[in-house]
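Observations on chain architecture
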Amino acid sequence: MNEMHLLWSLVVPITCLTVVCTGEKSVNFSDVDIPTEHMPFYFNNFPDLAEQCANDEDCPYRDIAKEKKCWGYEDICPKSKAYSIPVCSGDYKGWAKSSEEHVQRFNNQADFGYIKERNREMKIMCEPLFKDDSSLECADHLRFCRGRNIMFNFTDLIHRKEPIRYAMDVLKNGQVGGYCKLHKKRLQDQCDHLSALQSWGPELRNFVEMPHRPVENNECDVIIEKPTFILKIDATVNMYHHFCDFFNLYAALHLNGSHPEMFSRDVHILIWESYSYLSNFAPVMETFTKHPVWDLKTFRGETVCFRNVVFPLLPRMIFGLFYNTPVVHGCEKSGLFHAFSKHILHRMKIPQFKRRDDKIRITLLSRQTKYRRILNEDELVTRLEENSNYEVQRVYYSHQMPFSEQLELTHNSDVFIGMHGSGLTHLLFLPDWAAVFELYNCEDENCYMDLARLRGVKYLTWEDSEKVHQEDEGHHPQMGAHAKFTNYRFDVDEFEAIVKKATDHVQAHPAFKEFLSTSLKYGHPATHIEL
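What counts and how
Residues numbered from 1 in each chain as written. Predicted model: local features only at pLDDT ≥ 70, side-chain atom pairs only at ≥ 80, totals over all residues. Heavy atoms only, no water. Domains from an automatic or database assignment. Contact = heavy atoms within 4.5 Å. Buried area = accessible area lost by both parts, 1.4 Å probe. Polar contact = N/O pair within 3.5 Å; in protein donor to acceptor, adjacent residues only side chain to side chain. Helix = DSSP H or I, 4+ residues; strand = E, 2+ residues; numbered from the N terminus. Nonpolar A, V, L, I, M, F, W, Y, C, P; charged D, E, K, R; others polar. Buried < 20%, exposed > 50% of the residue type's maximum accessible area, 1.4 Å probe, protein only. Expected span 1.5 Å × (residues − 1). Disulfide = S-S within 2.5 Å. UniProt positions renumbered as here; feature names shortened; annotations may be inferred. Salt bridge = Lys/Arg side-chain N within 4 Å of Asp/Glu carboxyl O.

The chain appears in an unreviewed UniProt entry as EGF domain-specific O-linked N-acetylglucosamine transferase from Thrips palmi.

1. Observations regarding the domain arrangement of the chain
Domain boundaries assigned for the chain yield domain 1 (121–311) and domain 2 (350–522). Computed from C-alpha coordinates alone, the two centres of domain 1 and domain 2 are separated by 38 Å. Between domain 1 and domain 2, the residue contacts involve seven residues of the former and twelve residues of the latter. Across the domain 1 to domain 2 interface the summed buried area is about 870 Å²; carbon plus sulfur atoms make up 73%. Counting across the domain 1 and domain 2 interface gives one residue pair in polar contact (both at pLDDT 80 or more). By residue number, the principal contributor to the side of domain 1 that touches domain 2 is helix H8 (residues 239–255), which donates three residues. In the side of domain 1 that touches domain 2, the residues fall into five nonpolar, two polar and no charged.

2. Examining helix H13 (residues 447–455)
The buried fraction of H13 amounts to eight of the nine residues, a majority that puts the element mostly inside the structure. Taken as a whole, H13 has its buried residues at Cys447, Tyr448, Asp450, Leu451, Ala452, Arg453, Leu454 and Arg455. Summarising the contacts, the buried residues of H13 are in contact with helix H4 (99–110), H8, strand E15 (331–332), helix H10 (335–347), strand E20 (435–438) and strand E21 (458–461).

3. Considerations on the side chain of histidine 343
Along the chain, histidine 343 turns up in helix H10. With relative accessibility at 0%, the residue histidine 343 sits in the buried group. If we ignore the near neighbours within four places in the chain, the residues touching histidine 343 are Ile34, Pro35, His38, Tyr250 and Phe263.

4. A look at the side chain of lysine 342
Inspection of the secondary structure puts lysine 342 in helix H10. Lysine 342 has contacts with Pro35, Glu37, His38, Tyr83 and Asp432, leaving out every residue within four places of it along the chain.

5. Focus: H4
When the terminal C-alpha atoms of H4 are compared, their 17 Å separation across twelve residues agrees well with the 16 Å that a helix rising 1.5 Å per residue should span. His102, Phe106, Asn107, Gln109 and Ala110 are the residues of H4 that are buried. Buried residues belonging to H4 abut strand E3 (87–88), helix H5 (112–121), E15, H10 and H13.

6. Thoughts on the state of the cysteines
Applying the stated rule across the entire model yields six disulfides. Between cysteine 126 and cysteine 180 runs a disulfide, and the two sulfur atoms are separated by 2.0 Å. Between cysteine 126 and cysteine 180, the S-S dihedral sits near 100°, and the bridge is therefore right-handed. Of this pair, cysteine 126 sits in strand E4 (residues 123–127) while cysteine 180 is found in the loop between strand E7 (176–178) and strand E8 (181–182), placing the two residues 54 residues apart along the sequence. The exposure class assigned to cysteine 126 is buried, which follows from its relative accessible area of 0%. With a sulfur-sulfur separation of 2.1 Å, cysteine 138 is cross-linked through a disulfide to cysteine 145.

7. Comments concerning the UniProt feature "domain: Glycosyltransferase 61 catalytic" (unreviewed entry) in the chain
Cross-referencing UniProt, the feature "domain: Glycosyltransferase 61 catalytic" (unreviewed entry) maps to residues 321–436 in the present numbering. Overall, residues 321–436 shows 27% helix and 19% strand. The separation of its end C-alpha atoms is 21 Å.

8. Structural notes on the pattern of salt bridges
Evaluation of the coordinates by the stated rule reveals 34 salt bridges. As a salt-bridge pair, aspartate 432 and lysine 342 come within 3.8 Å of each other at their nearest N and O atoms. With aspartate 432 in the loop between strand E19 (415–418) and E20 and lysine 342 in helix H10, the pair connects residues that are 90 residues apart, well separated along the chain. Classification of lysine 342 by relative accessible area gives buried; the value is 14%. Between arginine 455 and aspartate 432 there is a salt bridge; the shortest N-O distance is 2.7 Å. Taken together, the residues span a long stretch of sequence, with arginine 455 in helix H13 and aspartate 432 in the loop between E19 and E20 at a distance of 23 residues. Counted as one network, the salt bridges with shared partners bring together Glu117, Arg118, Glu121 and Arg143.

This is the structure we're talking about:
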């Protein structure tokens, strides 16, 4: 038995969900709680469950349980059965040696291929010999790790007066460890990305081999039985940066997905800072856990042992996901980003309303901030409202509007318009046929263009600099003149022309045509398509 198989046999819990049994209890398929369209991919990884569902008249997924589909990170996943195939229509010269390599590079950078590569990197850092021993295994650079029976000593935190956020000194040597054979040099060699949000190196460089099993030797003040995800998060007030946290957590579910409960919400989340978790986007956190979110104050002054702990992918990894993703030129439509969008919409129960007419729904995101306001916004909206083929709404997504309501408005938009800013992260939740119009990118050309490419929606932005007018040169508090720190006025005719390009894309999209056909045939304004 090789060392990875030995580790796997020791650390994977033998449990299930609640009707079909795979170990100690049974599986209630409805508790998996993922979009119906994702269930064949789930069943492919758990063939015993697929077989049992197919033979169970009460299984709601009986008709699709035997469909042969794969996410894209499995050892065997034919392209014809994969969740999606990236679209690479651009020139690959200078980026790849062939069109096939072009597609594969995008897949490895920003799609389920990224998960497959991290899986291949997994190495045992602390090796168990017996079932109740500790264990630790990690991907390269400690970008993702998981462990069993791991001890954390938080006793020093009771003496720390300053708040903890982005800190690299939470733990001292020996304040994290387990009873297992530590491959110390192997672990230290991977501590090469020592930055707060780039790796788990700042924490796990302090890992030690303990002389006793911490749980059995009564070295734990608290024992956490449920699986726990420890998160180092970016910024809870900024949608772009906080969704980098959520996206990487979702990707980590797949990377850790060796068990039928891979999507379970019956897990704990511990945020690696001393601030209480408060965010307008907290409902998204609830799609990952049904329990209160912990922070370092929760266990201050205590030694805590985790039966199963996951150190997920991080928000600012070098060549990471979402932020710092090196998107190869000419490619778009990441299946991983698409699956994340569908997963969140499903768990938050965001409806896709049917239509009673064929008008294009246009949403303009208004800013009520000091900078990047549209000075002639009323004029632009009025011009659009004059077109009888459009249904136009102007929205302001503030902390006073529940995030679920924001998503509902976004998800039922065909064209989404806004100035450069974190609100454009809503493009992740547009329907597949939609277009996003970044009215002005404020000289940050790639941020939302790349995010739109990853999600697979059409992207447009302002191109004629002579038809946009800055209020002044901009007033960055440290850098002086700056395009993000002023306001803008736009040529109305040019604006209308770009919106027309967006609506033309929507109307020509096969998914929109199918959706509209179904809506007009069966639709009613009070009905919606359940996710």
